[in-house]
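Summary of structural features
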Amino acid sequence: MFVSWNWISELVDTTGVDPKAFADRFTLAVAEIEGVVDVAAGLDQVVVADVVAVSPHPNADKLRLADCDLGHATVRVVCGAPDLRVGMRVPFVPPGVTLPSGIEVRHGEVRGVPSPGMLASEADLGLSEEHAGLLELHGCDAAPGTPLCDAVPIRDVLYEIDNKSITHRPDLWGHLGMAREVAALLDRPLLRPSTEGLAFTDADPVSLGVSPFSACRRYLCARFEGVVVAPSPVAVRLRLRSLGVRPISNVVDATNLVMLETGNPLHAFDARHVRGDAITVRQAVEGETLVTLDGVSRGLTSADCVIVDEVGPVALAGVMGGANSEISGDTTAVVLEAASFDGAAVRKTASRLGMRTESSARFEKHLDPETAHLAALRFAHVLLRLSPGSQLVSRLADVGRHVDAPPQATQIHTRRSYLRSRLGLDATQLTDAWMDRALTALEFDVQGPDEDALVVTVPSFRAGRDVGIAEDLVEELGRVYGYDHIPSQAPRVAARPPFVPPSKPQDRRARAAMALGCGLTELVLYSFESESFRERVGLQERGADGDVLPREVLRNHLSSDMTHMRRLLSNNLLAATERNLLHGTRAADGHKGTRVGLFELGRAFVPVDLPREADHPAVDWGLPAPMASGDAASQTAYLANLNDVLREGVQSAVATKRPLPWQPRRLAIAIGERLGGGQDGLVQAPRSLSVALYREAVGAVESLCAQLQRPAPQLARQPEPGVLPSGVTSGPGAVDLRPAWLHPARHATVAVAGRYVGLISLVHPEVRGALEVPAEVVLVELDLDALLSVDTVAERGEAPARFPPSAFDLTLPCQLSARAAALTGALHAAAAAAVDDVDVDVRWVSEFVAEAGGAAADPTGDGDPFPRAMTFRFTSRRAAGSLTDDDVRAVRAAVLRCAAEQASVRPGWAAEVDA
């Protein structure tokens, strides 16, 4: 969200305050500022120009010549804007100016015609992204030649506010609330916007009603006639643009201006299209539909609140208006809506329909119903200014349960001495007068029955979910005083080591293995998945029978795209890998070779397979102990101590008898590298890259097992889809054996001490082809709980060897399908048995694969079935003495005999080497 310093300065005297320097204090006291934007920097030489004549370009059909009056002279420039016409007042940029958009304006020729400057759009000036036409200076009365920054108040400083830091402060979603905070920090009065002088009548705007069962707390309505719909003055349009709102017309712009000022969204209906001249607020009927302003037909449910006329819905409450009653160019009568809706209901509707709007973002924060009344009055002021012929022809109708039964004001009883003690300040630092002044500036009502006692009435816009206890007042005083001004001192409490869960040290070791040992970057992602990403790349998890496995459904999801909990961490990591590799120009070969290595440690959510796993001792039914005991007396006593809401929830859980999902701790790894060329994932990856990424992932798994002091992992392919290799066992909630990203050939199950702990695989070609970036990716999903359940391997130290070793390398020509681990095991067994008292260490060193079609791959042209050359290193050592030549020859001969017996090694190779 952006906040305009110019607008703040209209509500608070900010004379002598540097907005850029003040940003730091604002961040410490109010809300986090993510950035400070200097608007109109670099536009000092841009001037106002009147277009006095337009003629065709002699050498181009789409260009025209514009004669522009600059006050002291008339210049002719070439212009390609489609909206150029005589009588326009526009910005003129002289030669030698470099605009914020990066355009360098020069005195040159365009298709043979001199053009000493240019006429500019909003995008050219860096004021917005609007580039469809010139910036027309409606309402600008300055003379031609006047500097644009003097003619139109576009110089401004914008604060980019982190929305998360004001989620609990609905009053800060408008400039009036922000200005109140600035006034308190500067100890200057707040200049409240005017609401006086409005001539309401006694007539009803419409026949108005609000259902007591609706999600509407308050609804205000007024009627205006004689409205002339026209573009807003340029100052209004540019202010809206700078704050991220698209200007439309003076009527719609008035609603948006008031929303940005007060924080309360408004809506304006074309009175002609309010059928029956009646408005009712109620819950929607199941199956009811409404075409919203974006032209989309929305199916409604009884959980949605709607505004209806005598025929049907005309607006979706708190989210968006209907297309059947929108303001158009010939609108002459307007019905205003200023309302307060239940925040939870608005959020659920917006989330279900996938409609995140400026209106819903504010209403879901539980706006103060009193703000709706202020917003209605402010709209009347603004509309009468933007459309001078407009007239108020009704009273301000005000209905709803908030009007019928206003809530009682919240009062806090405390003592000044308590507030000071909590801040660590005394009466000389935090005086009574300063405390009263600070709280009053924030619009708290302060009463002091005696010297120390304090009764503080909380303003309605802070009483909802923000301020309610004395500690909240401590926070208010502390932030206005300045936490950085409070002296620091060590607390007088005994320091005790915190409790560390047994899993924490293991988690830290796992993270160290990934981040420090393997150089991977840790991510912390949502526990739910993007349904659009899953659908795009075709992600599904299947069982051994091929059926799609269920996922845990969220009833109260954050967005319509995230409705299920994750069964696998690796799906989100794949999406994160795609996002990271997409950085930069998508199809540029210059980004070839960009590699990312990511990992996440978190929980998966696997639904319990009922009834097969229902009797498992680890199944958690999510019930309090008294309710799970089966003892009726204990259950009755427990329920009696709960409030109505909690009691209903517990009884519902007992009735449904649905267990909580398995929540195993998982570790997922994603390593990907971007390929050159192409804009999607269909680019073929070279085999050498696939092998390198796969081995890097295998090394990460081995490093993890070593760091956790577990046996080395054993890798083996699934004998059939969804089937574990022989001798490997699994338990409930284990990693799914058939995720959609599992490669049909280049994958392996990971087992430790015969226990299945996860999968490692290159991404399936179909999934990789659906990515938005050409890349090769390998994924790993490990069950950390299963891995840690395996007994540890004792670490043993060894004394340095007394006698030197002897080593030799052998390179074996192999089939592409040869397994390095299998060959290593066979060769090690043969070498170790060659000489009784000689230890032999066998390690895979490297490999070379001849590329298909090359001379190295097929020098004879007959097709070489053994194009893969794997090199192994054999290191022999005798603990009790030096090796002899006979020892080394015996080891070598045993290795050659073993290699000759391997079906994956080229026949006759051992004899060739021995010869």
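One structure accompanies this document, and this report is about it.

Basis of the calculations
Residues numbered from 1 in each chain as written. Predicted model: local features only at pLDDT ≥ 70, side-chain atom pairs only at ≥ 80, totals over all residues. Heavy atoms only, no water. Helix = DSSP H or I, 4+ residues; strand = E, 2+ residues; numbered from the N terminus. Contact = heavy atoms within 4.5 Å. Areas by Shrake-Rupley, 256 points an atom, 1.4 Å probe, with all protein chains shown as cover. Core = buried A, V, L, I, M, F, W, Y, C linked by side-chain atoms within 4.5 Å. Buried < 20%, exposed > 50% of the residue type's maximum accessible area, 1.4 Å probe, protein only. Phe/Tyr/Trp six-rings, centres within 6.5 Å; stacked < 30°, edge-to-face > 60°. Lys NZ or Arg CZ within 6 Å of the ring centre and 35° of its normal. Pairing = 2+ DSSP bridges. Axes fitted to C-alpha atoms, helices over the stretch in contact; angles between N-to-C directions. 1 Å grid on protein atoms, 1.4 Å probe; cavity = no way out; pocket = protein on both sides within 12 Å on 5 of 7 lines; lining within 4 Å. Points joined across faces, edges and corners; volume = space filled by probe spheres on them. Nonpolar A, V, L, I, M, F, W, Y, C, P; charged D, E, K, R; others polar. Salt bridge = Lys/Arg side-chain N within 4 Å of Asp/Glu carboxyl O. Polar contact = N/O pair within 3.5 Å; in protein donor to acceptor, adjacent residues only side chain to side chain. Parallel < 35°, antiparallel > 145°, perpendicular 65-115°, else oblique.

1. A look at the overall build of the protein
Helix and strand counts for the protein come out as 26 helices and 37 strands. Projected onto its principal axes, the C-alpha positions of the protein cover 110 × 95 × 65 Å. Look at the contacts in the protein between residues 6 or more apart in sequence, and 73% of them connect residues 24 or more apart. Per element, the accessible surface of the protein, about 43,200 Å² overall, is 52% carbon and sulfur.

2. Description of the nonpolar core
Counting residues in hydrophobic clusters, the biggest one holds 86 residues, and the most contacted among them are F26, L125 and Y159. Looking at this core element by element, the count peaks at 10 residues for helix α9 (residues 369-386). Look past the residues within four positions of F26 in its chain and what remains in contact with it is A31, I33, Y159, I161, M178 and V182.

3. With respect to the packing of aromatic side chains
Scanning all chains against the criterion turns up 8 aromatic pairs. Aromatic pair W5 and F22: ring centres 5.7 Å apart, planes at 55°, arrangement tilted. Here W5 is found in helix α1 (residues 5-11), whereas its partner F22 is found in helix α2 (residues 19-29), with 17 residues between them in sequence. Aromatic rings pair up to connect W5, F22, F26 and Y159 into one cluster. Just above the ring of F461 sits the side chain of R180; from NZ or CZ to the centre is 4.0 Å.

4. A few points about the sheet that holds strand β10 (residues 156-161)
Read across the open sheet, the 3 strands follow the order β1-β10-β2; overall the sheet is antiparallel. Strands at the two margins of the open sheet, each flanked by one partner only, are β1 (2-4) and β2 (33-39). In this sheet, neighbouring strand axes are inclined to one another by 25° on average, regardless of whether the strands run parallel or antiparallel. Bridge count for β1 against β10 is 3 bridges, and the pairing is antiparallel.

5. Quick word on empty space enclosed by the protein
Gaps left between atoms show up when a probe the size of a water molecule is rolled over them. The full count for this structure, using the stated rule, is 2 cavities of 30 Å³ or more. As a volume, the largest cavity reaches approximately 50 Å³. Tallying contributions element by element places helix α7 (residues 343-353) first for the lining of the largest cavity, with 3 residues. Its residues assigned to classes, the lining of the largest cavity comprises 7 nonpolar, 1 polar and 1 charged.

6. What about unusual backbone geometry?
The backbone of R111 shows a phi angle near 55°, a positive value even though the residue is not glycine. The class for R111 is exposed, based on a relative accessible area of 51%. The backbone of H366 shows a phi angle near 65°, a positive value even though the residue is not glycine. We classify H366 as partly exposed; its relative accessible area is 23%.

7. Looking at the pattern of salt bridges
This structure, assessed with the given rule, holds 62 salt bridges. In this structure, E370 and R218 form a salt bridge, with 3.6 Å as the shortest nitrogen-oxygen distance. With E370 in helix α9 and R218 in strand β12 (residues 216-225), this pair connects stretches of sequence that are 152 residues apart. Relative accessible area serves as the criterion here: at 37%, E370 is assigned to the partly exposed category. Among the charged side chains, a salt-bridge network with shared partners connects R169, D171, E181, R462, D466, E476 and R479.

8. Description of the side chain of D67
Considering the arrangement of structural elements, one finds D67 in strand β4 (residues 60-69). Engagement of the side chain of D67 in a polar contact is seen with the side chain of R76, the distance being 2.7 Å. D67 has contacts with D50, V51, V52, A53, T74, V75 and R76, leaving out every residue within four places of it along the chain.

9. So, the sheet that holds strand β23 (residues 411-415)
Pairing between sheet strands relies on hydrogen bonds along the backbone, with the strands arranged either parallel or antiparallel. The sheet built from 3 strands is open, its strands ordered β23-β25-β24 with antiparallel pairing. Both outer strands of the open sheet, β23 and β24 (445-447), are each paired with one neighbouring strand and no more. Across the sheet, the axes of successive neighbouring strands diverge by a mean angle of 20°, strand direction being ignored. As defined by bridge partners, β24 adjoins strand β25 (residues 453-457) across 3 bridges and the pair is classed as antiparallel. Looking at the pairing, D445 lines up with T457 of β25. Relative to the sheet, helix α11 (residues 416-423) contacts β23 and β25, its axis offset from that of β23 by approximately 75°.

10. Focus: the pairing of strand β17 (residues 305-308)
Residues C305 and I307 point to one face of β17 and V306 and V308 to the other, with burial holding for every one of them. Judged from the 3 bridges that link them, β17 and strand β18 (residues 313-316) form a sheet pairing that is antiparallel. Opposite V308, over in β18, you have P313 as the bridge partner. Counting the residues between successive antiparallel strands, the hairpin from β17 to β18 contains 4 residues.

11. Describing the environment of E130
Within the element layout of this structure, E130 appears in the loop between β9 (118-119) and α3 (148-151). You can call E130 partly exposed: its relative accessible area is 28%. For the pair E130 and R241, spaced 111 residues apart in sequence, the C-alpha to C-alpha distance is 9.0 Å. Aside from chain neighbours lying at most four places away, what touches E130 is S121, E122, A123 and R241. A polar side-chain atom of E130 sits 3.4 Å from the main-chain amide nitrogen of A132. A polar atom in the side chain of E130 sits 3.4 Å from the side chain of R241.

12. Here's the deal with the packing of α2 against helix α4 (residues 175-186)
It is at 11 Å that the axes of α2 and α4 come closest, and there the two elements cross at 105°. When the axis of α2 is compared with that of α4, the two are roughly perpendicular. Contacts between α2 and α4 pair F22, R25, F26 and A29 from the former with M178, V182, L185 and L186 from the latter. Considering only residue class, the contact of α2 with α4 consists of 7 nonpolar, no polar and 1 charged.

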